[in-house]
Amino acid sequence: MSDIQDFKDLIIWQKGMEIAEKCYFLTKKFPRDELFGMTQQIRRASASIPANIAEGYGRRSSGDYARFLNISQGSINELQTHLFLSSRVGLCTVKEIELIIQQLQEETRMIISLLKKLNN
């Protein structure tokens, strides 16, 4: 029997929350004039990852769940772009985003795996 009672028990959601948390801490270091620019974009995209995983899980149909997992994957791609751009324009260093990028790659693998299971 599964130990999953709700979305908070999903490892994929927990890892998404860790990514979002790291992004919030990273952007606290950004200049104040980026508050409504890159800071907001990174925070929104990172929060969207676990939020869409939770929302899809709550729909209780595999088709809806898959759709929301795909939205999460889109947010991962968007977030990576914002992080890379942030390092390119000097808001942070490559070293500061390395771990987040690795976690995003792992999250992508988990989403792909879950999508395959839902499609079978």
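Up top is the structure.
Let me sum up the structure you'll find in this document. None of the values given here were measured: they were computed from a predicted structure.

### Some details on the packing of aromatic side chains
- Tallied over the full model, the rule gives 2 aromatic pairs.
- With centroids separated by 5.2 Å and ring planes inclined at 80 degrees, the aromatic side chains of Phe 7 and Trp 13 adopt a geometry described as edge-to-face.
- Residue classification places Phe 7 among the partly exposed residues on the basis of a relative accessible area of 28%.
- Its relative accessible area of 14% is what places Trp 13 among the buried residues.
- Measuring from centroid to centroid gives 6.0 Å for Tyr 57 and Tyr 65, while their planes differ by 75 degrees, and the two rings are edge-to-face. In this pair, the class of Tyr 57 matches that of Tyr 65, namely buried.
- Positioned above the aromatic ring of Phe 7, the side-chain terminus of Lys 8 is 5.0 Å from the ring centre.

### Focus: the packing of helix H3 (residues 62-88) against helix H4 (residues 94-119)
- Relative to each other, H3 and H4 sit at 165 degrees, their axes nearing to 10 Å. For the element pair H3 / H4, the angle class is roughly antiparallel. Pair H3 / H4 crosses with left-handed handedness.
- Of the residues belonging to the contact of H3 with H4, the class tally is 16 nonpolar, 7 polar and 1 charged.

### Some points on the environment of Thr 27
- Mapped onto the elements of the fold, Thr 27 is located in helix H1 (residues 11-27).
- With a relative accessible area of 3%, Thr 27 lands in the buried category.
- Separated by 15 residues in the primary sequence, Thr 27 and Ile 42 place their C-alpha atoms 7.7 Å from one another.
- Contact partners of Thr 27, with chain neighbours within four places excluded, come to Thr 39, Ile 42 and Arg 43.
- A distance of 3.1 Å separates the side chain of Thr 27 from the backbone oxygen of Tyr 24, its partner in a polar contact.

What counts, and where the lines are drawn
Residues numbered from 1 in each chain as written. Predicted model: local features only at pLDDT ≥ 70, side-chain atom pairs only at ≥ 80, totals over all residues. Heavy atoms only, no water. Phe/Tyr/Trp six-rings, centres within 6.5 Å; stacked < 30°, edge-to-face > 60°. Buried < 20%, exposed > 50% of the residue type's maximum accessible area, 1.4 Å probe, protein only. Lys NZ or Arg CZ within 6 Å of the ring centre and 35° of its normal. Axes fitted to C-alpha atoms, helices over the stretch in contact; angles between N-to-C directions. Helix = DSSP H or I, 4+ residues; strand = E, 2+ residues; numbered from the N terminus. Parallel < 35°, antiparallel > 145°, perpendicular 65-115°, else oblique. Left-handed = near helix turned anticlockwise from the far one by under 90°. Nonpolar A, V, L, I, M, F, W, Y, C, P; charged D, E, K, R; others polar. Contact = heavy atoms within 4.5 Å. Polar contact = N/O pair within 3.5 Å; in protein donor to acceptor, adjacent residues only side chain to side chain.

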